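Residue strings, one per chain:
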Amino acid sequence: MTEARRAVVRIASNYVRLFATVCLGLYLIRVLLQTIGEEGVGLFALLGSTVGIVSTIEEAAGWSMIRELGTAHHRGDDAEFRRMYNSAVAVSLVAAAIMMLMFLGLLAILPWLEISAQLQSASRVFILAMGVTSAAMVAMSPAFNMYLITERMVTYNAWMITRRLTMLLAALSLFVLNPQHDPGRGLIIYGLGYCVLQIVAMGLSVAVIAAKDRRLIPALRCADRAGMKSIIGISGWNVGILLSQVFVAPVGQIIMNRSFGLTLGNLTFGLGTQLSGYLRVFASGITTGLDAVSTRMSVTSDSGSSPMLGLLRTSAQLHALAAFPCLVGLFVMAEPFLHWWIGARVSDPATLSTIATMTRIMAVAFAIMCLSDCWTRVLYGGRFIARLAPVLIASYLATPIVALLLLATMAESHRLYAVAWAIVATHFVFHILVLPVIVARAMHIGLWAVFAPLWRPAVAAAMCAPILVFVVRQVPTWNIGWLVAAPLPYCAAFAAVTWLFVMNREERARFRTAFGMLRRRMLSGRA
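Residues numbered from 1 in each chain as written. Predicted model: local features only at pLDDT ≥ 70, side-chain atom pairs only at ≥ 80, totals over all residues. Heavy atoms only, no water.

### Here's the deal with unusual backbone geometry
For clarity, the cut-off: Each helix is a run of DSSP H or I of at least 4 residues and each strand a run of E of at least 2, with the numbering of both proceeding from the N terminus.
Positive phi is not limited to glycine here, since H181 has a value of about 55 degrees. Not every positive phi belongs to a glycine, and H444 is a case in point at roughly 60 degrees. In this structure, H444 sits in the loop between α15 (418-443) and α16 (447-474).

Have a look at this one:
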């Protein structure tokens with residue numbers, strides 16, 4: 001399969017998964033608001049940051065292993081692969097135990113948070129459930145990451161959709177198991193259901209790939225100290241990134257909780273972050289799998305960094321084409337979307353305006369993260385993690401410090417958005433001003449070459465923005481039909497400008513070829 005066809009399959013399957021993820025996530029919040037109320041969802045947003053910890057831990061574990069396991073796999077040495085794989089399993093089991101201890105440590109800060117006494121027990125059960133889930137995900141991550149290493153993106157994304165579906169299934173069970181809509185009881189049922197279903201789904205995915213590749217059945221006798229040291233060595237900086245994310249990511253919710261309480265603080269910040277976070281989710285369809293691709297290129301290519309340089313440029317442009325129009329869409333359509341999404345389930349209409357403002361601010365932060373994601377993923381596969389990690393760690397650690405400074409100095413009417421602005425400020429400094437310099441030096445290119453793929457998509461998105469503003473102002477009453485139809489003129493205009501202004505002649509030719517190939521495959525499938 002050519003590199004272009006690999007990219008088409010990878011990105012197309014990623015976007016199927018991401019569309020399902022967004023739909024499931026949006027419906028999940030509506031179900032939770034209906035079954036456990038605003039206070040319960042505020043508590044879910046506060047403690048739900050531990051769900052983010054689960055994802056962060058699993059992602060970092062993947063970063064730590066994809067490079068080493070991918071190298072062994074692509075060299076075709078079975079003995080070496082078994083050694084590295086089982087060494088990775090041994091490291092994962094130790095990491096799983098450590099993660100469980102970390103979640104137990106989180107229980108110590110619960111009495112300090114603004115949580116009512118009747119919800120304290122539910123909070124403890126929820127955190128323990130997330131700890132068990134985290135440990136299980138990390139323990140099984142070496143086998144699951146083989147879907148990425150072997151670039152089986154369709155199967156990988158199918159399993160990811162299955163795992164996301166377990167969250168909704170756990171929430172839907174509340175209609176039957178929590179008919180009184182008690183927040184505490186509902187949170188306990190949801191946490192335990194999520195834990196059990198996630199472990200079952202992950203276990204099935206690992207069993208399926210292990211049945212196809214018997215080398216993935218753990219045999220710890222094949223592990224050795226050198227292999228574990230190699231995994232831990234490449235994990236060194238990842239551990240630093242992981243720890244900074246794990247301890248800093250929930251700090252924003254903790255600050256909001258201590259400053260503004262569950263409903264005003266955690267509910268508004270949590271829902272604003274979730275909605276704006278879909279911008280990064282949309283762009284991650286391009287990112288997912290890039291570290292595995294760049295690993296394969298660095299192992300199999302004899303032409304230096306040129307294949308990775310081309311991958312970096314193309315991926316950066318695709319990220320920009322995804323991030324900038326999404327940023328425009330969130331700015332213009334945040335409030336009408338929120339009215340449709342949760343308007344009937346929120347008691348105070350002013351809460352929707354607050355969430356909309358939070359969404360717009362956080363959308364800027366997530367757009368910055370989108371642009372830096374492709375740089376970090378591609379360069380990680382090329383063993384540049386030691387150059388990238390200090391910048392990433394510094395941005396995470398600086399965020400709560402800046403947030404506290406802004407809380408102490410901003411006017412009262414703006415303090416609610418201090419944490420969001422802190423995230424924007426730190427990510428702009430570290431990810432836009434500092435990180436590109438490191439990328440340019442690592443790839444031996446000029447600084448302008450790093451930013452060059454971004455400016456045309458940014459101009460295209462800005463040029464077409466007035467079309468979306470005009471259409472939105474013409475809508476009399478918002479419903480699902482208008483939410484789908486209103487962005488279409490903007491999308492059509494952006495596509496046209498992209499074709500004429502952003503893409504060059506060679507890129508247009510490649511697009512025609514890829515589209516023709518896809519069309520022929522669809523027609524042959526019908527026949």
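### Considering the pattern of salt bridges
This is how the line gets drawn: The salt bridge criterion pairs a side-chain nitrogen of Lys or Arg with a carboxyl oxygen of Asp or Glu, the two atoms within 4 Å. The cut-offs for exposure are 20% and 50% of the maximum accessible area for each residue type, with area from a 1.4 Å probe on protein chains only; residues under the lower value are buried, those over the upper are exposed, and the others partly exposed.
Inspection of the entire model under this criterion finds 6 salt bridges. Close ionic contact of D78 with R215 constitutes a salt bridge, the shortest N to O distance being 3.0 Å. Here D78 is found in helix α3 (residues 78-106), whereas its partner R215 is found in the loop between α8 (183-212) and α9 (225-260), with 137 residues between them in sequence. For R215, a relative accessible area of 13% gives the class buried. E412 is the partner of R415 in a salt bridge, and the nearest nitrogen-oxygen pair spans 3.7 Å. When its relative accessible area of 19% is taken as the criterion, R415 is described as buried.

### Concerning a nonpolar patch on the surface
Rules: Residues with no salt bridge and a relative accessible area higher than 30% make up the patches, which join like charges within 9 Å and nonpolar side chains (Val, Leu, Ile, Met, Phe, Trp, Tyr) within 5 Å. In these tables, accessible area is a Shrake-Rupley quantity obtained with a 1.4 Å probe, and a residue counts as shielded only by the protein chains included in the view.
Side chains of F428, V429, L433 and V434 sit close together on the surface and give an oily, nonpolar patch of about 320 Å² of accessible area. Turning to its location among the elements, V429 is positioned in helix α15. When its relative accessible area of 38% is taken as the criterion, V429 is described as partly exposed.

### Section: the side chain of R215
So the rule is basically this: Under the rule applied, a polar contact is a pair of N or O atoms within 3.5 Å (in protein, one hydrogen donor and one hydrogen acceptor; residues adjacent in sequence only if both atoms are side-chain atoms). Only heavy atoms enter the contact rule, under which two residues are in contact if any of them lie within 4.5 Å.
At 3.0 Å, the side chain of R215 and the side chain of D78 are in polar contact. Those residues in contact with R215 that sit more than four places away from it in its chain are H73, D78, F81, R82 and Y85.

### Points about the nonpolar core
Stated precisely, the cut-off is as follows: We define a nonpolar core as any set of buried Ala, Val, Leu, Ile, Met, Phe, Trp, Tyr and Cys residues linked to one another through side-chain atoms lying within 4.5 Å.
Counting residues in each nonpolar core, the largest one holds 116 residues, and the members touching the most others are L32, Y190, W341, I342 and W375. Among the elements that line this core, the one with the most residues is helix α12 (residues 306-342), at 17 residues. Excluding residues that lie within four positions of it along the chain, Y190 makes contacts with L28, L32, F44, F126, M167, A170, A171 and L174.

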